[in-house]
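Topology and contacts: notes
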Amino acid sequence: MLEASRVVQTGQSITARAAAVTRASSLYRWLTKEPDPEVVVIDLRETYTVGPFVRLLDRLVPHVERAWNGSSLKRATDRTGALVREAPVKVASVLLLVVLSVQTLQSLPAIQSGSVTTVGTFTLAWLLALVGLRVDWTLAELAEIRVGQLTRALLEPPEPPNED
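As a starting point, this report considers the structure included with it. (Residues numbered from 1 in each chain as written. Predicted model: local features only at pLDDT ≥ 70, side-chain atom pairs only at ≥ 80, totals over all residues. Heavy atoms only, no water.)

1. Describing the overall build of the chain
Note the threshold: A run of H or I in DSSP counts as a helix once it spans at least four residues, and a run of E counts as a strand once it spans at least two, with each numbered from the N terminus. As defined in this context, the radius of gyration uses C-alpha atoms, and a globule is described by 2.2 Å times the residue total to the power 0.38. Contact criterion: two residues are considered in contact whenever any of their non-hydrogen atoms come within 4.5 Å of each other. To be clear on the numbers: accessible area is Shrake-Rupley with a 1.4 Å probe, and residue cover counts the displayed protein chains and nothing else. Charged residues are defined here as Lys and Arg on the positive side and Asp and Glu on the negative side; His and the ends of the chain fall outside this count. By convention, the point assigned to a charge is CZ for Arg, NZ for Lys, CD for Glu and CG for Asp.
Summing up its helical and strand segments, the chain has 9 helices and 0 strands in all. For 164 residues, the compact-globule estimate of 2.2 N^0.38 gives 15 Å, and the C-alpha radius of gyration of the chain, at 25 Å, exceeds that figure by more than 25%. Considering only C-alpha atoms, the chain reaches an extent of 65 × 50 × 35 Å along its principal axes. Sequence-distant contacts in the chain: of pairs separated by 6 or more residues, those separated by 24 or more amount to 52%. Surface accessibility of the chain: about 14,100 Å² in total, with carbon and sulfur atoms responsible for 65%. Charged side chains in the chain number 17 positive and 17 negative. The centres of these two groups are separated by 10 Å.

2. A closer look at helix 5 (residues 88–106)
Basically, it comes down to this: Expected span of a helix: the number of residues minus one, times 1.5 Å.
End to end, helix 5 covers 27 Å across 19 residues, agreeing with the expected 27 Å (1.5 Å per residue, within 8%). Structurally, helix 5 contributes buried residues whose contacts are with helix 4 (72–86), helix 6 (108–112), helix 7 (116–132) and helix 8 (139–144).

3. Let's talk about the pattern of salt bridges
Just so we agree on the cut-off: Salt bridges are identified by distance alone: a Lys or Arg side-chain nitrogen within 4 Å of an Asp or Glu carboxyl oxygen. For every residue, the accessible area obtained with a 1.4 Å probe (protein chains only) is divided by the maximum for its type, and the residue is called buried under 20%, exposed over 50%, and partly exposed between those limits.
Here the structure, examined in full by the defined rule, presents 4 salt bridges. Here D43 makes a salt bridge to R45, at a shortest N to O gap of 3.8 Å. Assessed through its relative accessible area of 36%, D43 is described here as partly exposed. Taking the relative accessible area as the measure of exposure, R45 reaches 41% and is therefore partly exposed.

4. Here we look at the side chain of T138
Mapped onto the elements of the fold, T138 is located in the loop between helix 7 and helix 8. For T138, a relative accessible area of 19% gives the class buried. If sequence neighbours within four positions are ignored, T138 has contacts with R85, E86 and P88.

5. Here we look at a nonpolar patch on the surface
What counts here: Nonpolar side chains (Val, Leu, Ile, Met, Phe, Trp, Tyr) within 5 Å and like charges within 9 Å form the patches, drawn only from residues with over 30% relative accessible area and no salt bridge.
Residues V40, I42, L44 and V50 make up a contiguous nonpolar surface patch of roughly 380 Å² in combined accessible area. Secondary-structure assignment places I42 in the loop between helix 2 (26–32) and helix 3 (51–69). Given the relative accessible area of 60%, I42 is considered exposed.

6. A word on the environment of V135
As for its position among the elements, V135 is in the loop between helix 7 and helix 8. The sequence separation of V135 and E65 amounts to 70 residues, and the corresponding C-alpha distance is 37 Å. The contacts of V135, once residues within four sequence positions are left out, are V89 and K90.

Shown next as structure tokens:
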């Protein structure tokens, strides 16, 4: 029944067209083309223009890395990363609620004038954000559902060709 649906067929045709346009783009071809074996590789450390900067970075990186490893910013970043991995929908909902609060305050004149589109849009966004606060899925669980698999397939680079 779903396969005969016009909505599903339209979605599939739009998806197929978007995939065809993406594959035909020069950026996609440039990103996925095989490397040229005759390309000359230049060591930038040996150049006069970039070499001093590369050497300076080589000397500074260990010190910056040591400072980063002991910093409270790194600890806060690690905690935030763990929180996002454990409850990504809740984190996104909290961020959406913050943005919606600001947007609602800025749009009060339009809301008070009774614009049905504005009121409906804000109501739907508020409801989605509030429902998102009740979702307990982890990032690993989200990656296993169909939408997560499709997103991963869309964003993952292609497998390198087998040269056997």
